[in-house]
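Listed here are the chains, written in short residue letters.
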Amino acid sequence: MKKFNVAVVGATGMVGESMISILEERAFPIEQLTPLASKRSLGKKVSFQSKDLEIVDLDNFDFRGIDFAFFSAGASVSREFAPIAAKAGSMVIDNTSEFRYDDEIPLVVPEVNPSALSACRAKNIVANPNCSTIQLMIALAPIHNHTPIKKINIATYQSISGAGRSAIELLEKQLTDNNTLSEDSHQLFAHNVIPQIGEFQDNGYTLEEMKLVWETKKILGSNEIEVNATAVRVPVRVGHSEAVTFETESEISVSLVNELLDASSHIEVMQGGEYPVAIKHGEGTDKVYVGRIRRDLSTQNSINLWIVADNIRKGAALNSIQIAEKIIDSDL
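**Q** Explain the nonpolar core to me, please; I cannot follow it from the model alone.
**A** The nonpolar side chains of a soluble globular protein tend to be buried with one another. Among the nonpolar cores identified, the biggest contains 56 residues, and Phe 63 and Leu 305 are the most heavily contacted of them. For this core, the leading source of residues is helix α3 (residues 131-146), giving eight residues. When neighbours within four sequence positions are excluded, Leu 305 is seen to be in contact with Leu 140, Glu 242, Ala 243, Val 244, Phe 246, Val 257, Leu 261, Val 290, Gly 291, Arg 292 and Ile 293. Grouped together as the second largest cluster of nonpolar side chains are 42 residues, Ile 20, Ile 55, Ile 160 and Phe 189 included.

Listed below in C-alpha cells is the structure:
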C-alpha cells in the first residue's frame, strides 16, 4: 500500500490533537507525520504511534513532499499558509471557514457529496464544512435524496468546545467561581445560554447562523432550499445538539424517515422514549445520532428531528480524514 507524508497544522489544538489520534486509530497510510504549530508551541510534543513528535514551526516549514496537509489553526492561518502548501503540491484539507464559499473549492461531507471531490485538484484545496453543518447534512441527505427538502428551520445548541480549549478552561473556572456575574455576559458560559455565536451580520443573523445557510445550499447543490437558523452556545463541554424542522416538497411519513435514516451506517436512530444527549452521544463518538422524530403539527409535509454529534471528532477531525481517504480511494 502506498504511504503518504502528512502534516497537521494546529497540531496542539483540540481538533489537531483529535486528527492525529484518528489518523492512528484508522491506520491512515502514513510514511511520515509532521505536527505544525506557531512558535509559541515550540518545545511541545504530540504522541503518534507510540512516538513523541516535536512540534515544528509553521512559519519556516517547506511543504514540498507533503501529500496531505490538514489545516485547523484558524482562518487567518489558512489564508496565509494553505495556498503555499497547495502550490508546493500538498492536498490541503482545510477545517476553517476560509475557503468554504469559494466556488472553485469543493465543500465536502464524504457521506453526502463525495462527487464534489472531482474538482479537488483545481486549487489543491478541499474545505471542511462547519461542525454544525456536517451533522445536519448527514441526517438530512438520505431524506433529501428520496424526497427533496424545500425548507429547513434549525436551532443549534453548541458546546463550549466549539470556541476552543480556552473556552472550556473558562467554563470550568466559572463553574467553581461564585463571582462570575460581573464578567462579560458573552463570555459567561456557566449556568447560561448565549444566543450568539460569531459576529452579527447586516441581516441580524450571526455568522454561525449564516454558515448553516450558505453551506447547506452548497453541499446539497441547491439554492432553492430555504434555511433559517438560530445558533446558541450552551454550557456543555463537548457535543453539539440541533432541533431541526424540515419541510419536503411532497408528503413523507415518520415511518419512512425512520427507515431512510436507519439504513445509513453513519446514523444511529433512537426511537420511542430514547433520544440522544450530548454528554453520552456527543463526545468520543463518530456517528450522528437522531431522535425525537415526529410530525410537525404546524406545517404540512414537515418533520421534527433532534440531532446530536461530537463536534470535535465528526464535526471536524474525522470528516477531514474521511475526505483524504476518499481522495486516496478515488485516485484523485
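**Q** What am I meant to see in the sheet that holds strand β6 (residues 68-71) here?
**A** The strands making up a sheet are joined through hydrogen bonds of the backbone, oriented either antiparallel or parallel. Judged by pairing direction, the sheet is parallel, and its six strands sit side by side in the order β5-β2-β1-β6-β7-β8 without closing on themselves. Only two strands of the sheet have a single neighbouring strand rather than two, namely β5 (56-57) and β8 (125-127). Across four bridges, β6 lies against strand β7 (residues 91-94) in parallel orientation. Bridging across to β7, Phe 70 finds its partner in Ile 93. Helix-sheet contacts for helix α2 (residues 75-87) involve β1 (4-9), β6, β7 and β8, and the interaxial angle to β6 is about 175 degrees.

**Q** Sorry if this is basic, but what is going on with the sheet that holds strand β10 (residues 226-233) here?
**A** Judged by pairing direction, the sheet is mixed, and its six strands sit side by side in the order β10-β9-β11-β14-β13-β12 without closing on themselves. In this open sheet, the two edge strands, each paired with only one partner strand, are β10 and β12 (267-269). Taking the axes of each pair of neighbouring strands and ignoring which way they run, one obtains an average angle of 20 degrees across the sheet. The pairing of strand β9 (residues 149-158) with β10 spans eight bridges and is classified as parallel. In the sheet register, Tyr 157 faces β10, and the bridge partner there is Val 232. Set on the sheet, helix α5 (residues 207-220) makes contact with β9 and β10; between it and β10 the angle comes to about 145 degrees. Its contacts with the sheet place helix α6 (residues 254-262) against β11 (240-248), β12, β13 (288-295) and β14 (302-309), and it is angled at close to 170 degrees to β13.

What counts, and where the lines are drawn
Each chain has its residues counted from 1, following the order in which its sequence is written. Local features in this predicted model are restricted to residues of pLDDT 70 or higher, and side-chain atom pairs are both shown and tallied only at a pLDDT of 80 or more, whereas totals for entire chains, interfaces and linings draw on every residue. Based on all heavy atoms of the structure, the side-chain values leave hydrogens and waters out of the count. Buried Ala, Val, Leu, Ile, Met, Phe, Trp, Tyr and Cys residues form a nonpolar core when they are joined through side-chain atoms within 4.5 Å. Exposure is judged per residue with a 1.4 Å probe applied to protein chains only, and the accessible area is read against the type maximum: over 50% gives exposed, under 20% gives buried, and values in between give partly exposed. Think of it this way: any DSSP run of H or I at least four residues long counts as a helix, any run of E at least two long counts as a strand, and we number them from the N terminus. Any two residues whose heavy atoms approach within 4.5 Å are treated as being in contact. DSSP-based pairing: two strands are paired if at least 2 bridges between them are found. The angle between two axes is taken between their N-to-C directions and runs from 0 to 180 degrees, where each axis is a line fitted to C-alpha atoms and a helix contributes only its stretch in contact.

This is a description of form; function is not addressed.
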